[in-house]
Amino acid sequence: QVQLVESGGGLVQTGGSLRLSCTASGLTFNQYTMAWFRQPPGKDREFVASHIHKDGSTYYADSVKGRFTISRDIAKNTVYLQMNNLKLEDAAVYYCNAISTYEYWGQGTQVTVSS
């Protein structure tokens, strides 16, 4: 019943931008903290950004702070990740996460960065 569907990944050159989307269904969207994680090739999954449902606070990994922005559109049940000034180190599969009493994950969307 619960689904998180990511989109917006693709190939971009260093310095470029992408906007990822995650659309949720089957849950009360404004009752969940939403977050983005990523997993680079051959590495562990790591935290990227989160948007706290109760007060709208946002948190970012040091590696992306100042370049990435997380936002939420309640009417569309969608959370976004705007990624600017992309670096080679940003290449990864990006996963959408929703957490409350339960936790859900999307299937991921691939971001490839080339020089």
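Quick note: structure is the one above.
Note that the structure is a prediction, hence the values are computed from the model and not measured.

Q: Just checking my understanding: could you explain the overall build of the protein for this structure?
A: Tallying secondary structure elements over the protein gives zero helices and eleven strands in all. Reading the secondary structure of the protein in the N-to-C direction produces β-β-β-β-β-β-β-β-β-β-β. Over its C-alpha atoms the protein spans a radius of gyration of 13 Å, differing by no more than 12% from the 13 Å that the globule rule assigns to 115 residues. Expressed along its principal axes, the backbone C-alpha trace of the protein runs to roughly 40 × 25 × 25 Å. When burial is assessed residue by residue, the protein has 42% of its 115 residues classed as buried. When contacts within the protein are restricted to residue pairs at least 6 apart in sequence, long-range pairs at least 24 apart make up 54% of them. As displayed, the protein has an accessible area near 6200 Å², and 45% of this comes from carbon and sulfur atoms. Measuring between centres, the 10 positive side-chain charges of the protein sit 4 Å from its 9 negative side-chain charges.

Q: Is there a simple way to explain the environment of Gly56 in this structure?
A: Take Gly56: it is sitting in the loop between β5 (46–51) and β6 (58–60). Note on Gly56: relative accessible area 33%, which makes it partly exposed.

Q: Before we go on, may I ask you to explain the packing of aromatic side chains in this structure?
A: Any aromatic ring pair is given by two values, namely how distant the centres are and how the planes are angled relative to each other. Scanning the model with the defined rule gives three aromatic pairs in all. When the ring of Tyr32 is compared with that of Tyr104, the centres are 6.1 Å apart and the planes differ by 50 degrees; the resulting orientation is tilted. With Tyr32 in the loop between β3 (18–25) and β4 (33–39) and Tyr104 in strand β10 (residues 103–105), this residue pair connects regions lying 72 residues apart in the sequence. A residue is classified by how much of its surface remains accessible, and Tyr32, at 10% relative accessible area, is buried. Residue Tyr104 is classed as partly exposed on the basis of its relative accessible area, which comes to 25%.

Q: Would you mind going over the sheet that holds strand β7 (residues 68–73) with me for this structure?
A: Backbone-to-backbone hydrogen bonds pair the strands of a sheet. The strands run either parallel or antiparallel. Read from one edge of the open sheet, four strands run β1-β3-β8-β7, paired in antiparallel fashion. Across the chains shown, the open sheet's two edge strands, defined by having one partner strand only, are β1 (3–7) and β7. Between one strand and the next, the sheet's axes are offset by a mean angle of 15 degrees, whatever the strand orientation. Judged from the six bridges that link them, β7 and strand β8 (residues 78–83) form a sheet pairing that is antiparallel. When the bridges of β8 are listed, Phe68 appears paired with Met83.

Q: I would appreciate a short explanation of the state of the cysteines in the present structure.
A: Disulfides are covalent bonds that link the sulfur atoms of two cysteine residues. Applying the stated rule across the entire model yields one disulfide. Linked covalently through their sulfurs, Cys22 and Cys96 form a disulfide whose S-S length is 2.0 Å. The S-S bond linking Cys22 to Cys96 shows a torsion near -80 degrees; that makes this disulfide left-handed. Of this pair, Cys22 sits in strand β3 while Cys96 sits in strand β9 (residues 92–99), and the two are 74 residues apart along the sequence. On the basis of relative accessible area, Cys22 is assigned to the buried category, the value being 0%.

Q: Would you mind going over the pattern of salt bridges with me for this structure?
A: Pairs may arise between side chains of opposite charge once their charged atoms sit close together. For the structure on display, the rule yields three salt bridges. Of the charged contacts, one joins Arg38 and Asp90 as a salt bridge, the two residues approaching to 2.9 Å between their closest N and O atoms. Here the residue Arg38 occupies a position in strand β4, and Asp90 occupies one in the loop between β8 and β9, the gap between them amounting to 52 residues. The residue Arg67 makes a salt bridge to Asp90 at a minimum N-O spacing of 2.8 Å. Remark: Asp90 occurs in the loop between β8 and β9 and Arg67 occurs in the loop between β6 and β7; sequence separation between them is 23 residues. For the residue pair Arg67 and Asp90, the accessibility class agrees, reading buried in each case. Three or more residues joined by partner-sharing salt bridges are found here, namely Arg38, Glu46, Arg67 and Asp90.

The rules behind each value
- Residues numbered from 1 in each chain as written.
- Predicted model: local features only at pLDDT ≥ 70, side-chain atom pairs only at ≥ 80, totals over all residues.
- Heavy atoms only, no water.
- Helix = DSSP H or I, 4+ residues; strand = E, 2+ residues; numbered from the N terminus.
- Rg over C-alpha atoms; globule rule 2.2 N^0.38 Å.
- Buried < 20%, exposed > 50% of the residue type's maximum accessible area, 1.4 Å probe, protein only.
- Contact = heavy atoms within 4.5 Å.
- Areas by Shrake-Rupley, 256 points an atom, 1.4 Å probe, with all protein chains shown as cover.
- Lys, Arg positive; Asp, Glu negative; His and termini not counted.
- Charge placed at Lys NZ, Arg CZ, Asp CG, Glu CD.
- Phe/Tyr/Trp six-rings, centres within 6.5 Å; stacked < 30°, edge-to-face > 60°.
- Pairing = 2+ DSSP bridges.
- Axes fitted to C-alpha atoms, helices over the stretch in contact; angles between N-to-C directions.
- Disulfide = S-S within 2.5 Å.
- Salt bridge = Lys/Arg side-chain N within 4 Å of Asp/Glu carboxyl O.

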